[in-house]
Amino acid sequence: GESVGLHLPTLSVQEGDNSIINCAYSNSASDYFIWYKQESGKGPQFIIDIRSNMDKRQGQRVTVLLNKTVKHLSLQIAATQPGDSAVYFCAEGRVFNAGNMLTFGGGTRLMVKP
Amino acid sequence: KAGVTQTPRYLIKTRGQQVTLSCSPISGHRSVSWYQQTPGQGLQFLFEYFSETQRNKGNFPGRFSGRQFSNSRSEMNVSTLELGDSALYLCASSLVVSINEQFFGPGTRLTVL
């Protein structure tokens, strides 16, 4: 079946540097994409989303880029901090039956070195 | 505003037993979704409920079921537990008008022995 985000698994960056986490997806029928951050012992935390008709969206210290031509999604974190250390998941969202379904990628572990 | 709460946080069962997990969404959220998270399969969608109706269901066997109550609280049940059901079960809630943003609870860690 179709899946999202097969890149793995660990990205190690120096504190203060920028981080880029990548994700590939295969379902071109998705309506939106979301990035989640999951810290140990916690549920995923919403970071930012982007609709499928957009190419770029910026939040606080984060930017998501969507390249529909090559079905690629990336999350850029500026000035990475130790608190950014976590597993990051991309998820494809689809509106279906008036509800929504998320298909998650495998995740990337971000480790920030002080 | 309180977040999504899940009970219990940890659970140990043996093969063949059944289990019920509970989820209380954020106040005002009417959509509740359930996910299974395992090291091997990652995060997988189980089902989604809205107004006590299941709107969507993932690719899981019939042993996995759920329901939603009139106050939007939801339960999921797994019958005839198998070792492979050991996982973190996550519940997420969202506003109807903000479908993109699902707020996750801390999960229930189920171990099947």
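Refer to the structure above for everything that follows.
Each value, and the rule that gives it
Residues numbered from 1 in each chain as written. Chains lettered and ligands numbered in written order. Predicted model: local features only at pLDDT ≥ 70, side-chain atom pairs only at ≥ 80, totals over all residues. Heavy atoms only, no water. Contact = heavy atoms within 4.5 Å. Buried area = accessible area lost by both parts, 1.4 Å probe. Salt bridge = Lys/Arg side-chain N within 4 Å of Asp/Glu carboxyl O. Polar contact = N/O pair within 3.5 Å; in protein donor to acceptor, adjacent residues only side chain to side chain. Helix = DSSP H or I, 4+ residues; strand = E, 2+ residues; numbered from the N terminus. Nonpolar A, V, L, I, M, F, W, Y, C, P; charged D, E, K, R; others polar. Buried < 20%, exposed > 50% of the residue type's maximum accessible area, 1.4 Å probe, protein only. Pairing = 2+ DSSP bridges. Axes fitted to C-alpha atoms, helices over the stretch in contact; angles between N-to-C directions. Core = buried A, V, L, I, M, F, W, Y, C linked by side-chain atoms within 4.5 Å.

## Describing the interface of chain A and chain B
Contact residues are listed per partner, giving 21 residues for chain A and 18 residues for chain B. Between chain A and chain B lies a buried interface of about 1,700 Å² when both sides are counted; carbon and sulfur atoms form 50% of it. Looking only at chain A, the three residues that lose the most surface to chain B are P44, N100 and F104 of chain A, adding up to 29% of its buried area. Applying the counting rule to chain A against chain B returns zero salt bridges. In this structure, the connection of chain A to chain B is made through two residue pairs in polar contact (both at pLDDT 80 or more). Ranked by the residues each element gives to the side of chain A that touches chain B, the list is headed by strand β9 (residues 99-104) of chain A, at five residues. Across the side of chain A that touches chain B, the residue classes tally to twelve nonpolar, six polar and three charged.

## Things to note about the side chain of E75 of chain B
All names here are of chain B. Structurally, the position occupied by E75 is in strand β8 (residues 74-78). You can call E75 buried: its relative accessible area is 16%. Engagement of the side chain of E75 in a polar contact is seen with the side chain of R73, the distance being 3.3 Å. In contact with E75, other than residues within four places in its own chain, are T20, L21, S22, W34, S65, G66, R67 and F69.

## Remarks on the sheet that holds strand β2 (residues 19-24) of chain A
Two modes of strand pairing occur in sheets, parallel and antiparallel, and in both the strands are linked by backbone hydrogen bonds. Residue and element names in this part refer to chain A. The sheet built from four strands is open, its strands ordered β2-β7-β6-β5 with antiparallel pairing. Each having just a single partner strand, β2 and β5 (56-58) make up the two edges of the open sheet. Put simply, the sheet's adjacent strands are angled 15 degrees from each other on average, direction ignored. Note that strand β6 (residues 62-67) and strand β7 (residues 72-77) share six bridges and pair antiparallel. Counterpart to V62 in the pairing with β7 is I77.

## With respect to the sheet that holds β8 of chain B
Residues and elements named next belong to chain B. Strand order in the open sheet made by the four strands is β1-β3-β8-β7, with antiparallel pairing throughout. Sheet topology places β1 (5-7) and β7 (64-68) at the edges, where each strand pairs with a single neighbour. Taken pair by pair, the neighbouring strands of this sheet meet at an average axis angle of 20 degrees, ignoring direction. With three bridges connecting them, β1 and strand β3 (residues 19-24) associate as antiparallel partners. Across the sheet, residue T7 finds its bridge partner in β3, namely S22.

## A closer look at the nonpolar core
Residue and element names in this part refer to chain B. By size, the foremost hydrophobic cluster in this structure holds 21 residues, and its most contacted members are W34, L46, F64, M76 and Y89. Within the residue set of this core, elements represented by two or more residues are β3, β4 (31-38), β5 (42-50), β8, β9 (87-94) and β11 (108-112). Those residues within four positions of M76 in sequence are excluded, and the remaining contacts are V19, T20, L21, W34, L46, F47, F64, S65, G66 and Y89.

## A few points about the pattern of salt bridges
All told, the structure shown has ten salt bridges over all chains when counted by the stated rule. Its salt-bridge partner being K42 of chain A, residue E39 of chain A comes within 3.7 Å of it at the nearest N-O pair. The class for E39 of chain A is partly exposed, based on a relative accessible area of 27%. It is possible to trace a salt-bridge network through shared partners that takes in R63, E82 and D85 of chain B.

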